[in-house]
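Here is how the chains run, residue by residue.
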Amino acid sequence: SLLGEIAALQATIAGFYHGDAGATHAFCQEAFTHLEEQQWAARVQMTFAQARANVSQGYVERGVLHLQAEWSRIKAQGDRTLESIYWREAVWESTLAGKLHQAWQLSQQAIHTLQTLEGPQPTQLCWPYTYQARILHEWNRLEEAQQLAEQAIQLGEQTELMAFLPLAYT
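Residues numbered from 1 in each chain as written. Predicted model: local features only at pLDDT ≥ 70, side-chain atom pairs only at ≥ 80, totals over all residues. Heavy atoms only, no water.

Here the focus is the overall build of the protein chain. Assigned secondary structure in the protein chain consists of 9 helices and 0 strands. Here the C-alpha atoms of the protein chain give a radius of gyration of 16 Å, agreeing with the 15 Å that 2.2 N^0.38 yields for 170 residues. When its C-alpha atoms are laid out on the principal axes, the protein chain stretches across 50 × 35 × 25 Å. A buried classification covers 44% of the 170 residues belonging to the protein chain. (Helix = DSSP H or I, 4+ residues; strand = E, 2+ residues; numbered from the N terminus. Rg over C-alpha atoms; globule rule 2.2 N^0.38 Å. Buried < 20%, exposed > 50% of the residue type's maximum accessible area, 1.4 Å probe, protein only.)

See the structure below:
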């Protein structure tokens, strides 16, 4: 089972940090053969990596379907961190698919859900605000996009979330 968790982590690194879809798929396959059912967090991590790899290969719909299939497991476990990651990925994949209205709706759901959580909301809310700013920009609603991006940046700076800030400034 430890080999499965290591392979899931390698899939994440290959997909998110190196953009290597082939390696991501290979590590996911290896993880799947070793992971046990109760290792749900590693399985969800693997699903996120698979979705990102599918999108990078142009299979956006397949990536979105992977995410949607995992939503019930994430919701059942009640893991707020994974919920937040799910929302980020679902909005991003929908945006890449060109489904901006769907991405907007998902980001609205994410904001609503994240605002009802206890704990550090700014860390989680800065992502959907940034994605919404991006969508507004695509819709040529530039002033609204600018305001939302500035709000997201302010939240990101409060939490010193360095990985987020380049996306928000862009």
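Given 3.6 residues per helical turn, the α-helix brings residues three or four places apart onto the same face. Taking 1.5 Å of rise per residue, the 16 residues of helix H1 (residues 2-17) would be expected to cover 22 Å, and the 22 Å separating its terminal C-alpha atoms lies within 8% of that figure. Among the structural elements, helix H2 (21-34) and helix H3 (40-56) are those in contact with the buried residues of H1. Of the residues trailing H1, Gly 19 is marked for its positive phi of about 65°. (Expected span 1.5 Å × (residues − 1). Contact = heavy atoms within 4.5 Å.)

In this section: the packing of H3 against helix H4 (residues 60-77). Close contact between H3 and H4 brings their axes to 8 Å; oriented N to C, the two are set at 160°. Put simply, H3 runs roughly antiparallel to H4. For the pair H3 and H4, the sense of crossing is left-handed. Together, Trp 40, Arg 43, Val 44, Thr 47, Phe 48, Gln 50, Ala 51, Asn 54 and Val 55 of H3 and Val 60, Arg 62, Gly 63, His 66, Leu 67, Glu 70, Arg 73, Ile 74 and Gln 77 of H4 make up the contact between the two elements. (Axes fitted to C-alpha atoms, helices over the stretch in contact; angles between N-to-C directions. Parallel < 35°, antiparallel > 145°, perpendicular 65-115°, else oblique. Left-handed = near helix turned anticlockwise from the far one by under 90°.)

Within the secondary structure layout, Ala 31 lies in helix H2. Relative accessible area serves as the criterion here: at 0%, Ala 31 is assigned to the buried category. Distance in space between the C-alpha atoms of Ala 31 and Leu 9 is 8.9 Å, their sequence separation being 22 residues. With sequence-adjacent residues up to four places away left out, Ala 31 is seen in contact with Gly 4, Ala 7, Ala 8 and Met 46.

Counting 35 residues, the largest nonpolar core has Phe 48, Tyr 86, Tyr 129 and Phe 164 as the members making the most contacts within it. Going through the elements one at a time, H3, H4, helix H5 (80-96), helix H6 (100-115), helix H7 (121-138), helix H8 (142-159) and helix H9 (165-169) are the ones with two or more residues in this core. With 8 residues, H7 is the largest single contributor of residues to this core. Residues Ala 7, Ala 8, Ala 11 and Met 46 belong to the second largest nonpolar core, which totals 9 residues. (Core = buried A, V, L, I, M, F, W, Y, C linked by side-chain atoms within 4.5 Å.)

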